[in-house]
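Notes for the structure review
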Protein chains: 2
Amino acid sequence: MSHPVSPLAPQTLPELPPVAGVRLATAQAGIRYRGRTDVLLAVFAPGTQAAGVFTRSKCPSAAVDWCRGQLPGGEARALVVNSGNANAFTGLKGREAVELTARIAAGAAGCAPGQVFIASTGVIGEPLDATKFEGVLADCAASAGSGPETWAEAARAIMTTDTFPKLATRRVRLGDAEVTLNGIAKGAGMIAPDMATMLSFVVTDAALPAAVLQALLDRGVRQSFNCVTIDGDTSTSDTLMLFATGAAGNDAVASAEDPRLRDFAAALDDLLAELAQLVARDGEGARKFVTVRVEGATDDASAHRIAMSIANSPLVKTAVAGEDANWGRVVMAVGKAGEPADRDRLAIWFGDVRVAVAGARDPDYDEAEASAAMRRQDIVIRVGLGLGEGTARVWTCDLTKAYVEINGDYRS
Amino acid sequence: MSHPVSPLAPQTLPELPPVAGVRLATAQAGIRYRGRTDVLLAVFAPGTQAAGVFTRSKCPSAAVDWCRGQLPGGEARALVVNSGNANAFTGLKGREAVELTARIAAGAAGCAPGQVFIASTGVIGEPLDATKFEGVLADCAASAGSGPETWAEAARAIMTTDTFPKLATRRVRLGDAEVTLNGIAKGAGMIAPDMATMLSFVVTDAALPAAVLQALLDRGVRQSFNCVTIDGDTSTSDTLMLFATGAAGNDAVASAEDPRLRDFAAALDDLLAELAQLVARDGEGARKFVTVRVEGATDDASAHRIAMSIANSPLVKTAVAGEDANWGRVVMAVGKAGEPADRDRLAIWFGDVRVAVAGARDPDYDEAEASAAMRRQDIVIRVGLGLGEGTARVWTCDLTKAYVEINGDYRS
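What you see is a predicted model, and the numbers here were worked out from it, not measured in a lab. (Residues numbered from 1 in each chain as written. Chains lettered and ligands numbered in written order. Predicted model: local features only at pLDDT ≥ 70, side-chain atom pairs only at ≥ 80, totals over all residues. Heavy atoms only, no water.)

Residues and elements named next belong to chain B. Spatial ordering of the open sheet is given by 3-9-8-7-6, a layout of five strands whose pairing is mixed. If you trace the sheet from one side to the other, it starts and ends with strand 3 (49-54) and strand 6 (166-174), each paired once. Each strand of the sheet is rotated relative to its neighbour by a mean of 15°, with strand direction disregarded. In the sheet, strand 6 pairs with strand 7 (residues 177-186) via nine bridges, with the strands oriented antiparallel. Considered in strand 7, the bridge of Arg173 is made with Glu178. The strands that helix 6 (residues 262-281) touches are strand 6, strand 7, strand 8 (199-204) and strand 9 (239-244); relative to strand 6, the one it contacts most, it runs at about 170°. (Pairing = 2+ DSSP bridges. Helix = DSSP H or I, 4+ residues; strand = E, 2+ residues; numbered from the N terminus. Axes fitted to C-alpha atoms, helices over the stretch in contact; angles between N-to-C directions. Contact = heavy atoms within 4.5 Å.)

Interface size is often expressed as the accessible area that is lost when the parts come together. Listed by partner, the interface residues are 65 residues for chain B and 65 residues for chain A. For the chain B and chain A pair, buried surface summed over both sides reaches about 5,100 Å², with 56% attributable to carbon and sulfur atoms. Viewed at the interface, chain A and chain B are joined by eight salt bridges. When the shortest N-O distance is used, the salt bridge between Lys401(A) and Glu405(B) registers 2.6 Å. Taken together, the connections running from chain B to chain A amount to 14 residue pairs in polar contact (both at pLDDT 80 or more). Elements with a contribution of two residues or more to the side of chain B that touches chain A: helix 2 (91-109), helix 8 (314-321), helix 9 (327-336), strand 13 (360-361) and helix 11 (401-408) of chain B. Here the side of chain B that touches chain A is composed, by residue class, of 25 nonpolar, 21 polar and 19 charged. (Buried area = accessible area lost by both parts, 1.4 Å probe. Salt bridge = Lys/Arg side-chain N within 4 Å of Asp/Glu carboxyl O. Polar contact = N/O pair within 3.5 Å; in protein donor to acceptor, adjacent residues only side chain to side chain. Nonpolar A, V, L, I, M, F, W, Y, C, P; charged D, E, K, R; others polar.)

Another point: the pairing of strand 5 (residues 116-123) of chain A. All names here are of chain A. Across the eight residues that make up strand 5, a large majority, eight, are buried. In terms of strand pairing, strand 4 (residues 78-85) meets strand 5 through eight bridges, oriented parallel. Bridge pairing in strand 5 links Leu79 to Phe117. (Buried < 20%, exposed > 50% of the residue type's maximum accessible area, 1.4 Å probe, protein only.)

Let's shift gears to the pattern of salt bridges. For the structure shown, the criterion picks out 40 salt bridges over all chains. Residue Arg343(A) pairs with Asp344(A) through a salt bridge whose shortest N-O separation is 3.3 Å. When the shortest N-O distance is used, the salt bridge between Arg260(B) and Asp258(B) registers 2.8 Å. With relative accessibility at 36%, the residue Arg260(B) sits in the partly exposed group. Here Asp258(B) falls in the buried class, since its relative accessible area comes to 15%.

Residues and elements named next belong to chain A. Note on placement: Asp362 falls in the loop between strand 13 (360-361) and helix 10 (367-375). On the accessibility criterion, Asp362 (5% relative accessible area) is buried. When the C-alpha atoms of Asp362 and Arg56 are compared, they prove to be 41 Å apart, with 306 residues separating the residues in sequence. The residues touching Asp362, leaving out its near neighbours within four places in the chain, are Arg354, Val355, Ala356 and Val357.

The subject of this paragraph is the sheet that holds strand 10 (residues 289-297) of chain B. Residues and elements named next belong to chain B. With mixed pairing, six strands are arranged side by side in an open sheet as 13-12-11-14-10-15. A single partner strand is all that each edge strand has here, and the edge strands are strand 13 and strand 15 (390-397). Where strand 11 (residues 347-350) meets strand 14 (residues 378-384), four bridges bridge the pair, whose relative direction is antiparallel. When the sheet's bridge partners are listed, Trp349 is paired in strand 14 with Arg382.

Residues and elements named next belong to chain B. Interaxial distance between helix 1 (residues 62-70) and helix 2 falls to 9 Å at its minimum, and their mutual angle equals 55°. Of the possible angle classes, the one that applies to helix 1 and helix 2 is oblique. Crossing of helix 1 over helix 2 shows right-handed handedness. Taken together, the residues of helix 2 that come into contact with helix 1 (itself represented by Ala62, Ala63 and Trp66) are Gly94, Arg95, Val98, Glu99 and Ala102. Residues of the contact of helix 1 with helix 2, tallied by class, amount to five nonpolar, one polar and two charged. (Parallel < 35°, antiparallel > 145°, perpendicular 65-115°, else oblique. Left-handed = near helix turned anticlockwise from the far one by under 90°.)

So, on to unusual backbone geometry. Note on backbone geometry: most residues besides glycine have negative phi, and most peptide bonds are trans. All names here are of chain A. Phi at Ala358 takes a positive value of approximately 50°, unusual for a residue other than glycine. Mapped onto the elements of the fold, Ala358 is located in the loop between strand 12 (353-357) and strand 13. On the basis of relative accessible area, Ala358 is assigned to the partly exposed category, the value being 48%.

So, about the relation of the copies chain B and chain A. Placing chain B over chain A gives an RMSD of 0.1 Å and needs a rotation angle of 180°, together with 0.0 Å of translation along the axis. Taken together, the rotation and translation relating the two chain copies correspond to the operation of a two-fold axis. Considering only C-alpha atoms, the part of chain B nearest the rotation axis is Lys401(B), at 2.4 Å. The overlap is high: 100% of the interface residues of chain B also sit at the interface in chain A, so the same surface is used on both sides. (Least-squares fit on C-alpha atoms with pLDDT ≥ 70 in both.)

This paragraph deals with the state of the cysteines. Working definition: the covalent bond between the sulfur atoms of two cysteines is a disulfide. Across all of its chains, the model carries zero disulfides over all chains by this definition. We note that Cys59(B) lacks a disulfide partner, and the nearest cysteine sulfur, in Cys67(B), lies 18 Å from it. (Disulfide = S-S within 2.5 Å.)

Next up on the list: the packing of aromatic side chains. One pass over the full model with this rule turns up six aromatic pairs over all chains. Ring plane angle 65° and centroid distance 6.2 Å describe the contact between Phe117(B) and Phe243(B), whose orientation is recorded as edge-to-face. Highlighted residues: Phe117(B) in strand 5 (residues 116-123) and Phe243(B) in strand 9, separated in sequence by 126 residues. Of the residues examined, Phe117(B) reaches a relative accessible area of 0% and is grouped as buried. Judged by relative accessible area, which is 0%, Phe243(B) ranks as buried. Among the aromatic side chains, those forming a connected cluster through ring pairs are Phe44(A), Phe117(A) and Phe243(A). The positively charged end of Lys166(A) is found above the aromatic ring belonging to Phe164(A), 4.5 Å away from the centroid. When the ring centre of Phe289(A) is taken as reference, the NZ or CZ atom of Arg281(A) above it lies at 4.0 Å. (Phe/Tyr/Trp six-rings, centres within 6.5 Å; stacked < 30°, edge-to-face > 60°. Lys NZ or Arg CZ within 6 Å of the ring centre and 35° of its normal.)

This paragraph deals with helix 3 (residues 136-143) of chain A. All names here are of chain A. Residues of helix 3 that are buried: Val136, Leu137, Cys140 and Ala141. With its buried residues spanning 135° around the axis, helix 3 presents them on a single face. Within helix 3, the exposed residues directed more than 90 degrees away from the buried face are Asp139, Ala142 and Ser143. (Arc of directions from axis to C-beta.)

A separate point is the confidence of the model for chain A. Chain-level statistics for chain A give a pLDDT mean of 89 and a share of 94% at 70 or above. Across residues 192-197 of chain A, confidence stays below pLDDT 50; counting only partners more than four residues off in sequence or on other chains, it has 34 contacts. (pLDDT = per-residue confidence, 0-100.)

On to helix 2 of chain B. With 19 residues, helix 2 of chain B should cover 27 Å at 1.5 Å per step; its first-to-last C-alpha distance of 27 Å lies within 8% of that length. Among the structural elements, strand 13 of chain A together with strand 2 (39-44), helix 1, strand 4 (78-85), strand 5 and helix 3 (136-143) of chain B are those in contact with the buried residues of helix 2 of chain B. (Expected span 1.5 Å × (residues − 1).)

This part is about the domain arrangement of chain A. All names here are of chain A. As assigned here, chain A comprises domain 1 (22-281) and domain 2 (289-408). Taking the mean C-alpha position of each, domain 1 and domain 2 sit 33 Å from one another. Each partner contributes residues to the interface: domain 1 has 16 residues there, and domain 2 has 14 residues. Across the domain 1 to domain 2 interface the summed buried area is about 1,200 Å²; carbon plus sulfur atoms make up 58%. Counting across the domain 1 and domain 2 interface gives one salt bridge. Salt-bridge contacts for Arg281 lead to Asp378; the nearest nitrogen and oxygen are separated by 2.8 Å. In this assembly, domain 1 and domain 2 are joined by two residue pairs in polar contact (both at pLDDT 80 or more). Partitioned by chemical class, the residues of the side of domain 1 that touches domain 2 number seven nonpolar, seven polar and two charged. (Domains from an automatic or database assignment.)

Below, the structure written as structure tokens:
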């Protein structure tokens, strides 16, 4: 579980400011790991509104089922996140573990169990012993704080095979107030489209009703977490939640279309994109960060599917790992996407180097230049289809021997 | 290009009998490789009928386009297969190369260019210099034979990253005659559903019209090559062809539904399945041969998609490589397939060991037994959905560091 920090990690961690109405604490509940924190408790001020987007897996975790069930209530007073055990495919015991966790957290935070949101990440199929939260969450609630170090600790406590904590923050005007957005995420493996992170939580002191938050989140996830893939494997536990405490006291906003929300929505989108990129930068075994851009598709949805086909192709990803400007594999991945494509109109670039045009190798293409583009740490693969106006951009990483190594002995 | 022979290779190669009406020869055309054969010429008796199934890639190779174009003619007099260059994404030059190859082969075999079928496998996007076939194919036609060694040589000449040649044979009664079916295949990487081998050719001395052959092939591919996946990457060049010389002089059969075809069809299906399994046994870097069985799905098509989701999951495949009975990842792969599934009815077996039942870990499950099942070379992953009568069976291999190594420096 102690892999070297990804070479794609940011040089420094951002310092997150406090968000009024939110207090955080972490602890060692001993769920699975030893000698590290594995549980995060966030306590929210009364009236905090919540929104969420969850995995589309047909086999979701017990925690995902629980959150979906509580979300219509709209109000959140606590969030419990544990790492080490996903509490997925744990049957009746899994549901009981979630209910017990909610009761323990409710007691600690002084709220109803239905106001507690829960997320779990880690091994699938092992029963989660929620009695380990007894006492631990009460201590967390008592000691919870809001300093920058608590955010870093929160991001650390939810890591599994992540090699660095993922944090981002934005400050933006909303009507007559300045509001803060803080977000954390964890990722690493089992990361794929249709809710692509395993877990991410964003909190703001903005005053916004749950329905508005949900609309903003649904929109924001499209160009962020739904555009990142590590291995095409969709987790049972993917959870993205947005909490708004209302402490900033901004003007009331009743609709996601309200023009006063423009800057806030842009900041949220930007923060989600930053967190999603951090997830790709910490893909298991990642040595290269890859941006795939597709343009000229028949429409945006088609472009997205082609971009995902490229980003998920093991042959493209191993070629990137080998620093090989193997555009033939990009052609293959375009061809297998099942989307409209005309082989003889295709153009392909690695970085700024156009290697193929009009369905064949670019006559002016210089192998040395293409190779130089592949030696960079951040790689851009660009495909022009020449059919229409559809565009897409997705992020991924390379497929290395380290990915196989990490996943060949994760459980044991 | 010289990787150790797959540990999953058969102990011995089968000896293929002659097929009346077919002569074979191989040569070194120097397309890409040095010191090995890279071209196969098969010469067929007049009247030989042909059928084919090709890649569904939207970016097919020039050779695939050519074969599709000639197939309605129904008659085949020659087959040219080269390794080292796929002649895919080669634009106008690619079409010219195919036309030149057909003219050279037609001259050598004494037939019309439209009676020549062509397949190419290897690197994508590099122009294929078909002038290298000048003289070479004429020599092949002159020396072509039908002994068992010619079949082994044919299977060797079409290999790329394959580590062993793939051959199979059947002998079966068709009406009043005994007929022979010989087949060869090559695979290794870029192997996925929807025509899963790169190249496979089956020849028989049966007398069957092209339309009947096509119907039998369309049916046979479903439970064979369309049930094998190495990496989910669909080749631009996938080609499966069936040639029938008619030399066996069996009764005329006009319909694929003719009851006299029952044994022949069964033998063909069986031969295709054997070749498809050999492809999975030689997946790039493969150390384990994996059979995924799904039962209890709402229908067979749904079962197939779930089985493919499991067989293509990098996390399942790396777990198999690590001999880890990680059934949680099987749950994940079921969940992401997008098919009807009820988490709480799922059951999962590794070999004969049931590890999960009714949506949770099997209470009687013994980790040591499950681990023992994973240490075998041939692994069976079985999933019961408990919803209906749909079943599927697909073959794959594990995902190892060797796969990454092979594909990280294939081109360079």
